[in-house]
Amino acid sequence: MPGASWRGGRYPCVCLKKSKKETGVLALARTIGIMIPCFVFLFYLLLTGTFDDFWDMAVAGISTFTSKYSYIELAKEEWGYTIGCVGAPILIFISLILGVRKRKELYGQTLLVILLYGVGGLINLYPLANAYHFATTVIPFLLLIPALLPSGLWQKKPICLLGGTAVAAALCFFVAYIPYDVASDNHLCTTLDQFEGVFISDSMEEDILEVTAYVQEQQEDGMTVYILDNRAASYFLPLHQYHKYYDMFLLGNLGTTSPEELLEQACEEDVVFLIPNSEKKEWQYPRSAVNALKKELNYAGSVGEFDVYRTA
């Protein structure tokens with residue numbers, strides 16, 4: 001697999017060996033291929049009148065989608081980040097030196113092309129420092145590893161056999177583990193509306209039924225109900241309801257509007273808030289805004305995993 005990935009990175013360099021006309025046609029074709037889905041998406045946003053929301057959530061509000069941690073802090077706490085933060089720059093530096101020295105050869109050109117892809121992906125590091133963004137950024141640079149190993153290593157039968165065995169073992173593990181995990185945790189194929197055919201635990205189904213019944217009861221009494229939790233959609237989907245911003249009440253998902261402003265707007269009507277009764281560990285959860293809200297409202301008991309607060 002690493003050897004195949006490395007050879008795949010050589011394709012753009014081979015294209016450069018063609019005539020200027022052929023290279024230009026290839027570049028134009030790929031550019032058009034990239035732009036078609038972009039224009040389709042833009043047309044959809046304009047047609048549905050959602051361009052302003054897209055801009056607010058995905059562009060203007062991106063600075064709110066950040067954490068208090070930096071990759072340096074994470075590297076100090078976990079050895080996996082330490083290896084990545086130290087190893088990646090070394091790998092990039094060595095590859096860059098070799099690529100520049102042998103830039104007239106296919107080997108050097110391939111190194112530089114993969115480095116270019118990798119550097120372009122560094123944008124994934126901003127603005128959120130976590131394992132997912134770090135891993136997706138490191139992956140392109142891993143393609144450089146086969147190039148720095150002894151030539152022909154990946155063509156040796158023992159290495160190919162070892163790699164194939166490892167991949168097969170991993171596939172067998174996941175194929176066997178997932179059914180075991182489903183069966184061992186009393187999962188069932190639920191009949192909840194909008195969740196038909198989905199495997200969830202008995203306890204989760206009971207929790208959804210309890211909370212949705214309470215929500216319907218409050219709505220019948222003329223109250224608006226918001227669940228200030230990232231699981232809100234699990235409860236509102238069976239009810240065919242959606243609340244912009246509030247159903248994913250996390251920093252980075254609110255656009256340019258602050259949590260305080262949204263909560264203040266919500267309190268202008270008769271509202272029932274369901275707030276997690278356990279401390280949310282996600283750094284994105286606006287704890288200070290929610291705690292301030294709780295002080296202003298009336299506590300009205302609990303349902304499921306939520307405390308209930310009312311404006312009236």
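Remember, it's a predicted structure, so these values are computed and weren't measured experimentally.

With that settled, the discussion passes to the overall build of the protein. Helix and strand counts for the protein come out as 14 helices and six strands. Relative to its full complement of 312 residues, the protein shows a buried share of 31%. For the protein, the computed accessible surface area is about 19600 Å², with 64% contributed by carbon and sulfur atoms.

Below, the discussion takes up the packing of helix H6 (residues 79–101) against helix H7 (residues 106–120). Any two packed helices are characterised by the angle at which their axes cross and by the distance between the axes. Running from N to C, H6 and H7 cross one another at 140°; their axes reach a closest spacing of 8 Å. Here H6 is positioned oblique relative to H7, judged by the angle of their axes. Crossing of H6 over H7 shows left-handed handedness. Every residue of H7 that contacts H6 at Ile92, Ser95, Leu96, Leu98, Gly99 and Val100 is listed here: Tyr107, Gly108, Leu111, Leu112 and Leu115. The residue inventory of the contact of H6 with H7, partitioned by class, reads eight nonpolar, three polar and no charged.

Time to look at the side chain of aspartate 307. Checked against the element boundaries, aspartate 307 lands in strand E6 (residues 306–310). With no salt bridge to any partner, buried aspartate 307 finds its closest opposite charge in lysine 294, at an N-O distance of 5.2 Å. If we ignore the near neighbours within four places in the chain, the residues touching aspartate 307 are Phe273, Leu274, Ile275, Asn277, Tyr299, Gly301 and Ser302.

In this section: the pairing of strand E5 (residues 298–303). A regular strand carries its side chains on alternate faces of the sheet. Bridge count between E5 and E6: four bridges; the pairing is antiparallel. If you follow serine 302 over to E6, its bridge partner there is aspartate 307.

A full pass over the atoms with the stated rule returns seven aromatic pairs. Their ring planes at 10° and their centres at 6.2 Å tell us that tyrosine 246 and phenylalanine 249 sit as a pair that is stacked. Taken together, Tyr226, Tyr246, Phe249 and Phe273 form an aromatic cluster joined through their ring pairs.

Going through the model one piece at a time under the given rule, you end up with three salt bridges. Here aspartate 229 ties to arginine 231 by a salt bridge, and the two come within 2.6 Å at their closest N and O atoms. We classify aspartate 229 as buried; its relative accessible area is 0%. Arginine 231 sits in the partly exposed class, given a relative accessible area of 28%. Among the salt bridges present, the one from glutamate 305 reaches arginine 231, with a minimum N-O distance of 2.8 Å. Taken together, the positions of glutamate 305 in the loop between E5 and E6 and arginine 231 in the loop between strand E3 (224–227) and helix H12 (232–236) put the pair 74 residues apart, joining distant regions of the chain. Exposure remark for glutamate 305: the relative accessible area of 39% places this residue in the partly exposed category.

Together, Ile34, Met35, Phe39, Phe41, Leu42, Tyr44, Leu46, Phe51, Phe54, Trp55 and Val59 make up a nonpolar patch on the protein surface, roughly 1000 Å² of accessible area in all. Of all the secondary-structure elements, those providing two or more residues to the nonpolar patch are helix H3 (20–48) and helix H4 (51–60). Residue contributions to the nonpolar patch peak at seven residues, all from H3. Relative to the helices and strands, leucine 46 is located in helix H3. Overall, the relative accessible area of 55% leaves leucine 46 in the exposed class.

Most of strand E4 (residues 271–276) sits inside the fold, with six of its six residues counted as buried. With burial as the criterion, each face of E4 is covered, one bearing Val271, Phe273 and Ile275 and the other bearing Val272, Leu274 and Pro276. As judged from the four bridges shared by E3 and E4, these two strands associate in the parallel manner. Bridging across to E4, tyrosine 226 finds its partner in phenylalanine 273. Here five bridges tie E4 to E6, and the two strands are oriented antiparallel to one another. What sits directly across from valine 272, in E6, is arginine 310.

Rules of the game
Residues numbered from 1 in each chain as written. Predicted model: local features only at pLDDT ≥ 70, side-chain atom pairs only at ≥ 80, totals over all residues. Heavy atoms only, no water. Helix = DSSP H or I, 4+ residues; strand = E, 2+ residues; numbered from the N terminus. Buried < 20%, exposed > 50% of the residue type's maximum accessible area, 1.4 Å probe, protein only. Areas by Shrake-Rupley, 256 points an atom, 1.4 Å probe, with all protein chains shown as cover. Axes fitted to C-alpha atoms, helices over the stretch in contact; angles between N-to-C directions. Parallel < 35°, antiparallel > 145°, perpendicular 65-115°, else oblique. Left-handed = near helix turned anticlockwise from the far one by under 90°. Contact = heavy atoms within 4.5 Å. Nonpolar A, V, L, I, M, F, W, Y, C, P; charged D, E, K, R; others polar. Lys, Arg positive; Asp, Glu negative; His and termini not counted. Salt bridge = Lys/Arg side-chain N within 4 Å of Asp/Glu carboxyl O. Pairing = 2+ DSSP bridges. Phe/Tyr/Trp six-rings, centres within 6.5 Å; stacked < 30°, edge-to-face > 60°. Patch = residues over 30% accessible without salt bridge, like charges linked within 9 Å, V, L, I, M, F, W, Y side chains within 5 Å.

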